[in-house]
Amino acid sequence: MDKPLRGLPAPPPLGSAALPPGTYAGQVVLVTGGGTGLGKAIATEFARLGADLVIAGRRIEQLKSAQEELAAVPGAGRVTAAVCDIRDPERVAEVFDAAEAAFDRLPDTLVNNAAANFPSPAEDLSPNAWRAVVDITLTGTWFVTREFGRRHLAAGSSGSIVNIGASYAWTGGPGYAHSAAAKAGVKNLVETLAVEWGPYGIQINGLVPGLFPHADMTEDIRGGLERAAPDDKDTRQPALRVGAPRELGWAATFLASPFARFITGHTLVVDGANWQRRSLVNPEVVTVREQLGRGPFAP
């Protein structure tokens, strides 16, 4: 008789560290979109390892709340918050200026987490909707990356970048044409800049999250998950469980750490192999419009 399925083991408990204590002591880590959700989870694990943090985002209330939480993490260094729309390159430069003023050094590590997304049939996307997602997810990521790279090149110092990506950068993303196109660009930046900036001591990698439910998920994303699996999301994953946000934070701290200096130009997928699932028999095709409950297209 076959043994019952049990999936992948649960992660170590919250508060565990994946690297030696103090790995990031004396270093500055900038996390865009660090005031909520997975960005905050990533920032938490850098804080646990002693980093001084700069969290950037567009909403001051969320940033201030996250700043207090992060400062209270055992082992955390100093934490500062910066209001920033990453679509504005001048404001991005001001955030770096403020970080240098606060900590008397350039950010050593950049985590490009800020992004925008919502589901839509491609034919319903307005020019403004397309621009909103691409300008934040791709162009904004480029503005922050460019500022980080130029400052380190000018200073002759090393640095590490982690870009948060998405698996549909490889596969395509029906229902998310705007985001999938932007994330494909983000992935390509990883591969391009690893070669261009490696000689100067700057490494860059990508990190792709799978399903990591958290309190800050948008209503669009949460609604999609509820439609797909209202009762049991775990059985929709090969791991037979969803991810814990801290697992993404552990992966980010490793990729940017001294223990991963020879890893660059790589995108690590942390999703329990969910993006590689294939059915033995193709399921019936259901259009994106039907999945989203939209009626026939009307221009």
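The present account deals with the structure reproduced in this document. (Residues numbered from 1 in each chain as written. Predicted model: local features only at pLDDT ≥ 70, side-chain atom pairs only at ≥ 80, totals over all residues. Heavy atoms only, no water.)

Turning to the overall build of the chain, a few remarks are in order. Secondary structure summary: the chain contains nine helices and seven strands in total. For 299 residues, the compact-globule formula gives about 19 Å, and the C-alpha radius of gyration of the chain, at 20 Å, lands near that figure. Projected onto the principal axes, the alpha-carbon positions of the chain cover approximately 55 × 55 × 40 Å. By the burial criterion, 45% of the 299 residues in the chain qualify as buried. Carbon and sulfur atoms make up 55% of the accessible area of the chain, which amounts to about 15,100 Å² in all. Between the centroid of the 28 positive side chains of the chain and the centroid of its 31 negative side chains there is a distance of 3 Å. (Helix = DSSP H or I, 4+ residues; strand = E, 2+ residues; numbered from the N terminus. Rg over C-alpha atoms; globule rule 2.2 N^0.38 Å. Buried < 20%, exposed > 50% of the residue type's maximum accessible area, 1.4 Å probe, protein only. Areas by Shrake-Rupley, 256 points an atom, 1.4 Å probe, with all protein chains shown as cover. Lys, Arg positive; Asp, Glu negative; His and termini not counted. Charge placed at Lys NZ, Arg CZ, Asp CG, Glu CD.)

In this section: unusual backbone geometry. One non-glycine residue, Asp104, adopts positive backbone phi at about 60 degrees. With a relative accessible area of 71%, Asp104 lands in the exposed category. Unusually for a residue other than glycine, Ala273 sits at a positive phi of about 70 degrees. Tracing the backbone through its elements, the reader meets Ala273 in the loop between strand E7 (267-270) and helix H9 (288-291).

Here we take up the packing of helix H3 (residues 89-103) against helix H4 (residues 127-155). For the pair H3 and H4, interaxial distance at closest approach is 9 Å and the crossing angle is 45 degrees. Overall, the two elements H3 and H4 adopt an arrangement that is oblique. H3 and H4 meet at a crossing whose hand is right-handed. Counting all contacts with H3, which are made through Pro89, Val92, Ala93, Phe96, Asp97 and Glu100, the residues of H4 involved are Phe143, Val144, Glu147, Phe148 and Arg151. (Axes fitted to C-alpha atoms, helices over the stretch in contact; angles between N-to-C directions. Parallel < 35°, antiparallel > 145°, perpendicular 65-115°, else oblique. Left-handed = near helix turned anticlockwise from the far one by under 90°. Contact = heavy atoms within 4.5 Å.)

Before going further, it helps to examine the packing of helix H1 (residues 37-48) against helix H2 (residues 60-71). One can describe the packing of H1 onto H2 by two numbers: an axis separation of 10 Å at closest approach and a directional angle of 30 degrees. Judged on the interaxial angle alone, H2 and H1 are roughly parallel. Judged by the sense of rotation from one axis to the other, the crossing of H1 with H2 is right-handed. Seen from H1, the contacting residues are Lys40, Ala43, Thr44 and Ala47; seen from H2, they are Ala66, Glu69 and Leu70. For the contact of H1 with H2, the class distribution of residues is four nonpolar, one polar and two charged. (Nonpolar A, V, L, I, M, F, W, Y, C, P; charged D, E, K, R; others polar.)

Summarising the element assignment, Arg58 is placed in the loop between strand E2 (52-57) and H2. By relative accessible area, Arg58 is classed as partly exposed at 45%. Along the sequence, Arg58 and Gly210 sit 152 residues apart, while their C-alpha atoms lie 24 Å from each other. In this structure Arg58 touches Val83, Cys84, Asp85, Arg87 and Ile136, once residues within four positions along its chain are discounted.

Another point: the environment of Asp52. Structurally, Asp52 can be placed in strand E2. Owing to a relative accessible area of 8%, Asp52 belongs among the buried residues under this scheme. Filtering out sequence-adjacent residues up to four positions away, Asp52 remains in contact with Gln27, Val28, Val29, Gly77, Arg78 and Phe103.

On to the pairing of strand E4 (residues 109-112). Of the two faces of E4, both are covered, the one formed by Thr109 and Val111 as well as the one formed by Leu110 and Asn112. Pairing between strand E1 (residues 28-32) and E4: three bridges, direction parallel. Among the inter-strand pairings, Leu30 is bridged to a residue of E4, identified as Leu110. Here four bridges tie E4 to strand E5 (residues 159-164), and the two strands are oriented parallel to one another. Bridge pairing in E5 links Val111 to Val162. Note that the unit made of E4, H4 and E5 has a crossover that is right-handed. (Pairing = 2+ DSSP bridges. Right-handed = clockwise from strand over helix to strand, strands pointing away.)

To continue, consider the environment of Ala181. Note on placement: Ala181 falls in helix H6 (residues 177-197). Residues Ala181 and Ala169 lie 12 residues apart in sequence; the distance between their C-alpha atoms is 6.9 Å.

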